[in-house]
Amino acid sequence: MIEITKKLKYLVWVGSSKKRLMEFPKQVRKDIGNALLIAQAGVKPPIAKPLKGLGAGVFEIADDYDTNTYRAVYTAKIGKKIYVLHAFQKKSTKGIKTPKKEIDLIKKRLRLAKEREEIR
């Protein structure tokens, strides 16, 4: 268990990421929520890994539950906030690679988060 003693970074949900996360099973929501809380404290959660091809600071949280895989993607490198870019259930039967459709949406939302931060 990680003790959180720092001031937490503000969490920003992009697009339908929060709505999608709330549709996940309760245990998955708890696991991903705990990981995001750790990220808000400025620490990389143990269940998060860098999402390749999207640059530094973009991480994927993967959680398996009842033979399904659920994922949430966030970035911690835009301003002083944590932006949750996407949450989805991986349904591909072709290995562990994130489907192109999901990557394209994550890239779009990453651009939106960067634009939002520039406006402030």
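All figures in this text were calculated on a predicted structure; none of them were measured in a lab. (Residues numbered from 1 in each chain as written. Predicted model: local features only at pLDDT ≥ 70, side-chain atom pairs only at ≥ 80, totals over all residues. Heavy atoms only, no water.)

## Quick notes on the sheet that holds strand β3 (residues 58-65)
Heads up, the condition is: A pair of strands is considered paired only if DSSP assigns at least 2 bridges between the two. The secondary structure listing takes helices from DSSP runs of H or I that are at least 4 residues long and strands from runs of E that are at least 2 residues long, numbered from the N terminus. Axis definition: a line fitted to C-alpha atoms, over the contacting stretch in the case of helices. Angles run 0 to 180 degrees between N-to-C directions.
One open sheet accounts for five strands, arranged β1-β5-β4-β3-β2; its pairing is mixed. Of all the strands in the sheet, the pair left with one neighbour each is β1 (10-13) and β2 (48-50). Looking at each pair of strands side by side, their axes are set apart by 30 degrees on average, direction ignored. Two strands pair when backbone bridges link them, and β2 and β3 are joined in this way by three bridges, in the antiparallel orientation.

## What to know about the side chain of T75
Rules: For every residue, the accessible area (1.4 Å probe, protein chains only) is compared with the maximum for its type, and the residue is labelled buried under 20%, exposed over 50%, or partly exposed between those bounds. Between two residues, a contact is recorded if the distance between any of their heavy atoms is within 4.5 Å.
With respect to the helices and strands, T75 occurs in strand β4 (residues 68-78). What makes T75 buried here is its relative accessible area of 1%. If we skip the residues at most four places from it in the chain, T75 touches G57, V58, K81, I82, Y83, L85 and L110.

## Some remarks on the side chain of E60
Heads up, the rule is: Polar contacts, as counted here, are pairs of nitrogen or oxygen atoms within 3.5 Å of one another; within protein the pair requires one atom able to donate a hydrogen and one able to accept it, and residues that are adjacent in sequence qualify only if both atoms are side-chain atoms.
Tracing the sequence through the fold places E60 in strand β3. Since its relative accessible area comes to 2%, E60 is described here as buried. Side-chain polar atoms of E60 contact the side chain of R71, separated by 3.1 Å. Every residue in contact with E60, bar those within four places of it in the chain, is listed here: I47, A48, K49, L51, R71, A72, V73, F88 and T98.

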